[in-house]
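# Report on the structure
Single-letter residue listing:
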Amino acid sequence: MALLVESTETADWLSLCHAGLSAAGASHLGAPTFVCVGDAIEIDPAQGFLRGHGTHVDPNGALRASVCGVLQRINKLVVVRPLKSRYIAETGDVVVGRVTSIAGRRWKVDLHTRQRAELSLAAVILPGGIQRRRTAEDELNMRGVFKEGDLISAEVQAVRGDGSVNLHTRSARYGLLGEGQALRVVPNLIRRQRAHSHELGELGVSLILGCNGMVWVAPVGGGEGEDEAARRRGNACRVANAVRALGRLCLPIFLGTVMGVVGISVEGGVAVREMGGQAFLERVVEWEAGRRKEMDVD
Amino acid sequence: MISAGERAYITQCVEGGLRGDGRGCLDHRVTRLDVGTIPQANGSARVQLGGTDVMVGVKVEIGAPLAFRPDSGRVEFNVDFSPCGSPDFEGKEGEVLGADLANALARSVVVGPDGKAGGLDLATLSILPGNSCWVIFVDALILNNDGSLLDAVTMAMRGALAEIRIPHVEITKGDSAEVPEFEIDNEKSSKLDAGAVPIIVTVAKIGRRYLVDLTSEEELCSDFSLHIAVNAEGRVCGVTKKGSTPVHASVMQEMLELAQRIGPKVIESLDAYIVDVLGE
């Protein structure tokens, strides 16, 4: 197949998305207040304010945004949450990360945060599953649990004052990820939900939407012969490309949108490789506009 | 880094003729190309090949020819890795990687031992044999690495070289008869003929299948890959092997033939786009 060459300006998916949603008259869900760097933030002088992240006070005493993002007010606290940033961990988040090294009694895990996260030997289930003191032998066998390069899913146990993150995998839901593919999207697009790991039954695919922007897509099951396995791998690639399409358009990513995009690709008979193309992305925006309108009606 | 599970998955997918992003084994990712991105350079281009992001700037200056090739011009390569791209590019690590790529480029793309092989006719860059010549500096900056770096760099280089104009030089005898003086006439410049410069097609083998345009994960899965420089006629201009696994001659032959089939098509699409953009 010949190479498709285009200008870097062709790939302006954000404008495509914005134009598509505005044309359809879909609301932007609650219409949050966007501020840009240097924008003055209105405050009630009688009440006073607490300066939060993403804001600063200029010499004239006015409160201004120091990042582009969404303005949030919590009582007196004023915070600007940046639109695009490295992942900021919160306790209880489900994340997908890669083990980069083993140091002392802990694994260092890359979550694409500012600092490496740590998974302590005491925070994993060891074979046998018994809660017991970790011995020196366990420490020597750490590579038997997770090696360098392994992808794992885990939960954020604590975020310490200096920004470092502690993880744990003390549940059967977490742990080593096997055969599948990981992809990366902007972390702010992943909507925090009750459940982040999903089994897409009829597709034969398991999906983990890590809050840190790492998404794990893997075919599950097996033993039904090579044709079935190939179908599941194909489905996994389709789900992965659905996530990529949403990521490219900066649309929220959760089970509903991912399945929606997979649905329209199957309905329209779109090949997996065509799912990054302009035509399909326009179709996704159209679908998202429809979804938002439906929510407005409700 | 890649886990054993990811490697197994990629290998199985590739065996079935499918890749993680839905491409077939011999498909390229969509290539985004901008020509003339750096105003200060004589020629420049930026290429985005999926997540790979590369910028190439070309400068043309007057310098001294090499002692053993007094009647030819010179081409110098330099590859820099932006430390913003990945923590792996920081400090010495990036320099070593850059030197590797620059060597592969120099070996494959332009200069053969006689100064004539490769794409550029260096003899036309000579100004005064043994004294001065045009030196073409090709500087590449890797902004992000998602595999197939050399492919992207040579694509960008093709765009940048298409923009190059060599000024006309008038040689006048200066005050002393020994030192000649040049009058550079930028109005009367001629286009550099870079049509024969090859591009590099990286071919790798995963399982029993051959792949082109690999992502960084796929690169980690393959035991070895060949960077094959191919020109518009499908002739092989140079080969660099990456990875320590030995290659069987028949496998190498098949990979070369594959690159010979794909290379000219890539050059054709690139050139059509570049001509369209530069309006010539």
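Cut-off values and rules
Residues numbered from 1 in each chain as written. Chains lettered and ligands numbered in written order. Predicted model: local features only at pLDDT ≥ 70, side-chain atom pairs only at ≥ 80, totals over all residues. Heavy atoms only, no water. Pairing = 2+ DSSP bridges. Helix = DSSP H or I, 4+ residues; strand = E, 2+ residues; numbered from the N terminus. Axes fitted to C-alpha atoms, helices over the stretch in contact; angles between N-to-C directions. Contact = heavy atoms within 4.5 Å. Buried < 20%, exposed > 50% of the residue type's maximum accessible area, 1.4 Å probe, protein only. Polar contact = N/O pair within 3.5 Å; in protein donor to acceptor, adjacent residues only side chain to side chain. Expected span 1.5 Å × (residues − 1). Arc of directions from axis to C-beta. Parallel < 35°, antiparallel > 145°, perpendicular 65-115°, else oblique. Left-handed = near helix turned anticlockwise from the far one by under 90°. Nonpolar A, V, L, I, M, F, W, Y, C, P; charged D, E, K, R; others polar. UniProt positions renumbered as here; feature names shortened; annotations may be inferred. Buried area = accessible area lost by both parts, 1.4 Å probe. Salt bridge = Lys/Arg side-chain N within 4 Å of Asp/Glu carboxyl O. Domains from an automatic or database assignment.

## Quick word on the sheet that holds strand S15 (residues 197-200) of chain A
Residue and element names in this part refer to chain A. The four strands lie next to each other as S14-S17-S16-S15, forming an open sheet whose pairing is antiparallel. In the strand order of this sheet, the two ends are held by strand S14 (181-184) and S15, each with one partner. When the angles between neighbouring strand axes are averaged without regard to direction, this sheet yields 20 degrees. In terms of strand pairing, strand S16 (residues 205-209) meets strand S17 (residues 214-219) through five bridges, oriented antiparallel. When the bridges of S17 are listed, Ile208 appears paired with Trp216. Contacts between helix H4 (residues 226-248) and the sheet are confined to S14, S15, S16 and S17, with S17 contributing the most and set at about 160 degrees to the helix.

## Observations regarding the side chain of Ser7(A)
Mapped onto the secondary structure, Ser7(A) falls in the loop between strand S1 (5-6) and helix H1 (13-23). A relative accessible area of 16% means that Ser7(A) is categorised as buried. A polar contact is formed between the side chain of Ser7(A) and the side chain of Asp34(B), at a distance of 3.3 Å. Once you skip the residues sitting within four places of it in the chain, Ser7(A) turns out to touch Arg32(B), Leu33(B), Asp34(B) and Tyr273(B).

## As for helix H1 (residues 4-15) of chain B
Residues and elements named next belong to chain B. Helix length check: H1, at 12 residues, gives a terminal C-alpha distance of 16 Å against a target of 16 Å (1.5 Å per residue), a fit within 8%. Of all the positions in H1, only Gly5, Glu6, Tyr9, Ile10, Cys13 and Val14 are classed as buried. Across the axial projection of H1, the buried residues extend over an arc of 160 degrees, all falling on one side. Where H1 ends, the next residue or the one after it, Gly17, has phi of about 80 degrees, a positive value.

## Quick notes on the packing of H4(A) against helix H5 (residues 255-267) of chain A
All names here are of chain A. In contact at an axis separation of 9 Å, H4 and H5 are set at 115 degrees when each is read in the N-to-C sense. Classed by the angle they form, the pair H4 and H5 counts as roughly perpendicular. Considering the relative orientation of H4 and H5, their crossing is right-handed. Every residue of H5 that contacts H4 at Arg238, Val239, Ala242, Val243 and Leu246 is listed here: Thr257, Val258, Val261, Val262, Ser265 and Val266. Considered class by class, the residues forming the contact of H4 with H5 number eight nonpolar, two polar and one charged.

## Some points on the UniProt feature "domain: Exoribonuclease phosphorolytic" (unreviewed entry) in chain B
With numbering matched to this structure, UniProt assigns "domain: Exoribonuclease phosphorolytic" (unreviewed entry) to residues 29-167 and 197-261 of chain B. For residues 197-261 of chain B, the helix share is 29%, the strand share is 38%, and the end-to-end C-alpha distance is 17 Å.

## Some thoughts on the packing of H5(A) against helix H6 (residues 278-297) of chain A
Residues and elements named next belong to chain A. With their axes 10 Å apart at the nearest point, H5 and H6 run at an angle of 130 degrees to one another. When the axis of H5 is compared with that of H6, the two are oblique. For the pair H5 and H6, the crossing hand works out as right-handed. Note on element contacts: H6 touches H5 through Phe280, Arg283, Val284, Trp287, Glu288 and Arg291, opposite Gly256, Thr257, Gly260, Val261, Ile264 and Ser265. Across the contact of H5 with H6, the residue classes tally to five nonpolar, four polar and three charged.

## Examining the sheet that holds strand S12 (residues 236-242) of chain B
Strand pairs in the sheet, formed through backbone hydrogen bonds, run parallel or antiparallel to each other. Residues and elements named next belong to chain B. One open sheet holds the four strands; their spatial order is S10-S9-S11-S12, and the pairing between them is antiparallel. The two strands at the open ends of the sheet, each matched to only one other strand, are strand S10 (209-212) and S12. Put simply, the sheet's adjacent strands are angled 25 degrees from each other on average, direction ignored. With six bridges joining them, strand S11 (residues 225-230) and S12 adopt antiparallel strand pairing. Each bridged residue has a counterpart across the sheet, and for His227 the counterpart in S12 is Thr240. Sheet strands in contact with helix H5 (residues 249-278) are strand S9 (199-206), S10, S11 and S12, and its direction is about 135 degrees off that of S9.

## With respect to the interface of chain A and chain B
Accessible area lost upon the coming together of the parts serves often as the stated size of an interface. In this assembly, 33 residues from chain A lie in contact with 30 residues from chain B. Interface area for chain A against chain B, summed over the two sides, is near 2,700 Å², with a carbon-plus-sulfur share of 57%. Run the count over chain A and chain B and you get three salt bridges. One salt bridge connects Asp27(B) with Arg273(A), and the closest N-O pair in it is separated by 2.9 Å.

## A word on the domain arrangement of chain A
Residue and element names in this part refer to chain A. Each assigned domain of chain A is listed with its residue range as follows: domain 1 (32-82), domain 2 (85-177) and domain 3 (178-298). Taking the mean C-alpha position of each, domain 2 and domain 3 sit 26 Å from one another. Opposite the 15 residues of domain 2 that make contact, domain 3 presents 15 residues. Here domain 2 and domain 3 share an interface that buries about 1,400 Å² over both sides, 60% of which is from carbon and sulfur atoms. Interface area lost by domain 2 to domain 3 is led by Val94, Val96 and Leu177, which between them contribute 41%. Where domain 2 touches domain 3, the interface holds two salt bridges. With a closest N to O distance of 3.9 Å, Glu90 and Arg192 form a salt bridge. Among the elements of the structure, strand S8 (94-103) and strand S11 (151-159) are those that each provide at least two residues to the side of domain 2 that touches domain 3. It is S8 that contributes the most residues to the side of domain 2 that touches domain 3, three residues altogether.

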